[in-house]
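Structural overview
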Protein chains: 4
Amino acid sequence: MKVGFIGLGRMGSGMAANLLKAGHTVTVHNRTRERAEALVQAGARLATDVAHACRDADAVFSMLANDEAVREVVFGEGGVLAALPEGAVHVSSSTISVALAGELQAAHGEAGQGYVSAPVFGRPDAAAAGKLFVVAAGADDAVAKVAPLLEAIGQKTFGVSATPQAANLVKLSGNFLIASVIESLGEAMALAEKGGIDRHQYLDILTSTLFGAPIYKTYGALIAERKFQPAGFAAPLGQKDIRLVLAAAEALQVPLPLASLLRDRFLSLLAHGGEELDWSAIGDLPGRDAGLDTVTSAVSPGFLSTTRENAG
Amino acid sequence: MKVGFIGLGRMGSGMAANLLKAGHTVTVHNRTRERAEALVQAGARLATDVAHACRDADAVFSMLANDEAVREVVFGEGGVLAALPEGAVHVSSSTISVALAGELQAAHGEAGQGYVSAPVFGRPDAAAAGKLFVVAAGADDAVAKVAPLLEAIGQKTFGVSATPQAANLVKLSGNFLIASVIESLGEAMALAEKGGIDRHQYLDILTSTLFGAPIYKTYGALIAERKFQPAGFAAPLGQKDIRLVLAAAEALQVPLPLASLLRDRFLSLLAHGGEELDWSAIGDLPGRDAGLDTVTSAVSPGFLSTTRENAG
Amino acid sequence: MKVGFIGLGRMGSGMAANLLKAGHTVTVHNRTRERAEALVQAGARLATDVAHACRDADAVFSMLANDEAVREVVFGEGGVLAALPEGAVHVSSSTISVALAGELQAAHGEAGQGYVSAPVFGRPDAAAAGKLFVVAAGADDAVAKVAPLLEAIGQKTFGVSATPQAANLVKLSGNFLIASVIESLGEAMALAEKGGIDRHQYLDILTSTLFGAPIYKTYGALIAERKFQPAGFAAPLGQKDIRLVLAAAEALQVPLPLASLLRDRFLSLLAHGGEELDWSAIGDLPGRDAGLDTVTSAVSPGFLSTTRENAG
Amino acid sequence: MKVGFIGLGRMGSGMAANLLKAGHTVTVHNRTRERAEALVQAGARLATDVAHACRDADAVFSMLANDEAVREVVFGEGGVLAALPEGAVHVSSSTISVALAGELQAAHGEAGQGYVSAPVFGRPDAAAAGKLFVVAAGADDAVAKVAPLLEAIGQKTFGVSATPQAANLVKLSGNFLIASVIESLGEAMALAEKGGIDRHQYLDILTSTLFGAPIYKTYGALIAERKFQPAGFAAPLGQKDIRLVLAAAEALQVPLPLASLLRDRFLSLLAHGGEELDWSAIGDLPGRDAGLDTVTSAVSPGFLSTTRENAG
């Protein structure tokens, strides 16, 4: 198939590479051209602009940072909406709001184009290995048409609904669940530490017994070591996703007290200068609130000038 | 070794059986005698009372329902404190408060007896199979003395501290973490369901991807099916454990907002007549609050008398 | 002065009447014309459209329901922005978002017009009596120019800042404080009632002692009587204001856990069909969660079909 | 009447003085004798011990710090229970737990004595002026018997129930309501301050408009000035009262999310070394969480040793 691919960040470049490997004709576009080079050497065509990536395509993927970027790429002048051929499908893999997914479906529908929400679970290494989990939703024919493409980028595709927004809701709620694990571990470790238990030993007990899942090991280690840099997934992205979860929940009239707690954690983290930290740094805040001498205690702007210098 | 064992519930009877299998001389006691019969047939001696189970013992285990039961068995007339020989060790495996563990250590210390807190992770089937995880804390010599006994009942022993309370804190915080999983799944499923996604399919996606741990599968299935009876671990026990977590956190001055949320969930569940439900029924409350027609919507005593009649 | 007035709801009509009484030349506009009649009889001119109300005006007030209405009236074709003379001032008294206030200031500034945020505290009767409290913010010269107008509508004007958004933040946070009173009273009354204390007697003690302020009497009585209809200020408006508070807090990176709790209360109320109830009905939810047989227990859509019929 | 009075703190001494003024024969007792001197000069008799204060009395008041102190004075050797004549009434004005009030009623009932819970609202100056509000509950005859005494200490007596615990619940819930005001003001002020509004001006607007009650003025000023010393009502006492509210709510199965939030605030305050601050210092924590440079940011023990030195 002829496929356009817009957005070559750490996730998108891996996904595009796997589309190439599966034998598709892939035309890539990225705001900064350098990120496209490796793909071009692997056989991708380089689009001069968004419209070029859509021209003659059977489908075009977008994998971008947030609602604003997707809006611009789709609705902007020379955007996907204007350039994609009738009958072709826009596959949106970005983590965007449920509301925007609804707008995209409506707009593409009016334009005679197909629309599939296909967000993914997995980190950049899974994207590179074609081992993502893909959650796909959209009209049956549109999903069927892009199924071979989704197979190329992931180890499994979950079709959830004929309504595209459902896939976005699954993705967002998944990130909510991960953030919930971070919060719960942060509280438990603050309690254990103040109770005189070594954080690492505590984590070892948890992950050797009931909580052996990788997610507990990965995030538990970051919290136990208070090592929040470099950021695998930066705090502002976590904050954005929780905001989108709460926005979806508001539209559906679903109270989510735990999500509200996470919201406040992220705001406090960012208010203390934590925007470059990994999102797991919210797991440091329960310790701060308990009076422990934590990393996040030290990132307060009020203390930055003194403690940071002296830390060296 | 000569071992007394007090409390032959579903957990205790399995533990005592494994002590027997390991070749120890075990004298058992239970408030109701019937529960001891299988063990007696397997070679255990039947104690006439608590004191009898302690007499001449190298160690005595207690595995009881709550603080009150432990207090009575230990501090009551003819209790463990009075009957246990000097130098022998009381191994407390019950899920009790951190404060009571501290009292027990002090009292046994004054009496020249040893004290080890050794709560366990695992369900009755793991207890029967000798596959529990044991978290042990206490003075080094006391822990060393009972190490062969702990090995007999579990697949692994984690020694966490010379302070017995540390083991109880680990156990309680572990239950807090499980309840946190229940709450987060409950909120996510309420959101997904109101968003038009099938609960079972949603859970399948979660557990096939990021949340493959048994704990998500087990509790996720109960919440998705709204099947909270029969109770594997009853709501009042869950409420008790969260209360003990909060009590420990108060003593250590650790704010735990997520634990407070869980507390309110359990109180609401019990206020609506949920005391016979499994503790995972708190995962039904986010749906109730979102206006879904849930099991817990229907257990309100206020409704039972009126709407139920009228519903027919 | 020549003044336009757009939005003649229960608040706006009282405000416009007082501008007339103070001797100003007032041209009024409302989407539905009937609401303008009494004012016209009192001497107001009737505008044919928004632009007409702005023509030749020294200042134009807008008093509308929400951001969407204000956006349409200001930015729409023939809107305030296009029609207001250079140098004239737009006085926005609607309860709108902090973000929109910022947009309005920027847009009017570019158009050479003045902009003042002047939200008010007080109910329709205070508006009719010219007894509102006005919170005004904007450039000094703009505020000074409209000061006589603000004096005409209120008993006192508080000038808070040269930045218009500050006034909106004060207004929104004031509504947050009122909702907090409702929540706290709701929790306290649920506790008292389950403790066997008569709700009315309980409220009487509170308001006779520490909580004599009218706000406690007014809302306390509604909660004690569970009388949430007719709505003085409807639940969806309360939900909107808390949403705007949280949005402002997010932009300023301020965690507000109590506001988050209120958000969840409003969502639960609306999810149970409470959109026609007064916003004080969130004060009924603590009782519902405690298993009391409350009004909000009965508005669940799942039960509407049965309980409502049988209630008669 | 012959009245004993136990506990001559700032509240108790004022209350005892007013009993004297009303013409009653008052025998006073305090753990430290100095506090009794002024009363003795005013005509009170000095008891040698608790029993002495009860001997021949028609009624004995206790006004003590907490449950522990009341337990010792009542149930200890030579305590009120043992020494009070049959038919005489114990009036407990201390802010104690609902559970203890229940125990006291039962114990005095068995001993043929009367028991009335009569906690008060008001500060030391109101106690000195006989202007307290008294909330009284107990058997009708017991309440009737001590009515003249309650009139002597307060400006009004509210009889709430034949069950003494009801009065304690009213008192505790009143303190919960005050703490709720503090939290809401703290959140609102953090938002206003980060929004560029002067805290004092903000408070002035609030208290000039909707929130004119003394409680908003008093606590608002403390929060706006961040002046939490000297403590009028110390943080540990506030924490204790919220604990007692939550304990009562747990027994009655009433979820109180706002009370849980307050609990966490107090724990965080105490964890940062705030035990000598006024309880209104919890109103400083929302600002701390928002990254403002607050008093409570600076009281962290972890910072005291390092940053303070380095700040110079």
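Residues numbered from 1 in each chain as written. Chains lettered and ligands numbered in written order. Predicted model: local features only at pLDDT ≥ 70, side-chain atom pairs only at ≥ 80, totals over all residues. Heavy atoms only, no water.

**So, the UniProt feature "domain: 6-phosphogluconate dehydrogenase NADP-binding" (unreviewed entry) in chain A**
The feature "domain: 6-phosphogluconate dehydrogenase NADP-binding" (unreviewed entry), as annotated in UniProt, sits at residues 2-158 of chain A in this numbering. Span residues 2-158 of chain A is 43% helix and 24% strand, its end C-alpha atoms 23 Å apart. (UniProt positions renumbered as here; feature names shortened; annotations may be inferred. Helix = DSSP H or I, 4+ residues; strand = E, 2+ residues; numbered from the N terminus.)

**Section: the side chain of D:Ser93**
Residues and elements named next belong to chain D. Mapped onto the elements, Ser93 comes out in the loop between β5 (89-92) and α6 (98-110). Looking at Ser93, the relative accessible area reads 1%, which means it is buried. In this structure the side chain of Ser93 is engaged in a polar contact, spanning 2.9 Å, whose partner is the backbone oxygen of Ala118. If we ignore the near neighbours within four places in the chain, the residues touching Ser93 are Met15, Phe61, Ser62, Met63, Ala118, Pro119 and Val120. (Buried < 20%, exposed > 50% of the residue type's maximum accessible area, 1.4 Å probe, protein only. Polar contact = N/O pair within 3.5 Å; in protein donor to acceptor, adjacent residues only side chain to side chain. Contact = heavy atoms within 4.5 Å.)

**So, the relation of the copies chain B and chain D**
For the pair chain B and chain D, the superposition axis carries a translation of 0.0 Å, the fit reaches an RMSD of 0.0 Å, and the rotation angle comes to 180°. Each copy turns onto its partner about a two-fold axis. In terms of proximity to the rotation axis, the leading residue of chain B is B:Ser260, whose C-alpha is 3.0 Å off the axis. When the interface residues of chain B are mapped onto chain D, 100% of them again fall at the interface, so both copies present the same face. (Least-squares fit on C-alpha atoms with pLDDT ≥ 70 in both.)

**Thoughts on the domain arrangement of chain A**
A common measure of how large an interface is: the accessible area buried when the components associate. Residue and element names in this part refer to chain A. Each domain of chain A was delimited in the assignment, giving domain 1 (2-162) and domain 2 (169-303). Averaged C-alpha coordinates put domain 1 and domain 2 at centres separated by 30 Å. Each partner contributes residues to the interface: domain 1 has 14 residues there, and domain 2 has 12 residues. For the pair domain 1 and domain 2, the two sides together bury roughly 1,000 Å², of which 67% comes from carbon and sulfur. Counting the surface domain 1 buries against domain 2, the share from its top three residues, Thr95, Val98 and Phe121, is 47%. Taken together, domain 1 and domain 2 are joined by zero salt bridges. Our count for the domain 1 to domain 2 interface comes out at five residue pairs in polar contact (both at pLDDT 80 or more). In the side of domain 1 that touches domain 2, the residues fall into eight nonpolar, three polar and three charged. (Domains from an automatic or database assignment. Buried area = accessible area lost by both parts, 1.4 Å probe. Salt bridge = Lys/Arg side-chain N within 4 Å of Asp/Glu carboxyl O. Nonpolar A, V, L, I, M, F, W, Y, C, P; charged D, E, K, R; others polar.)

**A look at the pattern of salt bridges**
All names here are of chain C. Per the stated rule, a full pass over the model turns up 47 salt bridges over all chains. The partner of Glu103 in a salt bridge is Arg71, and the shortest N-O contact between them spans 3.0 Å. You can see Glu103 sitting in helix α6 (residues 98-110) and its partner Arg71 sitting in helix α4 (residues 67-75), a full 32 residues away along the chain. A relative accessible area of 34% places Glu103 in the partly exposed class. Looking at Arg71, the relative accessible area reads 33%, which means it is partly exposed. With a shortest N-O distance of 4.0 Å, Glu187 and Arg265 are connected by a salt bridge. A residue pair is termed long-range when its members are at least 10 positions apart, and Glu187 in helix α9 (residues 165-194) and Arg265 in helix α13 (residues 257-271) qualify at 78 residues. The buried category is assigned to Glu187, whose relative accessible area is 0%.

**Focus: the interface of chain D and chain C**
Taken together, the contact between chain D and chain C spans 55 residues of the former and 55 residues of the latter. In total, chain D and chain C occlude about 4,600 Å² of area from one another, counting both sides; carbon and sulfur atoms represent 77% of this. Inspection of the chain D/chain C interface yields zero salt bridges. Run the count over chain D and chain C and you get 11 residue pairs in polar contact (both at pLDDT 80 or more).

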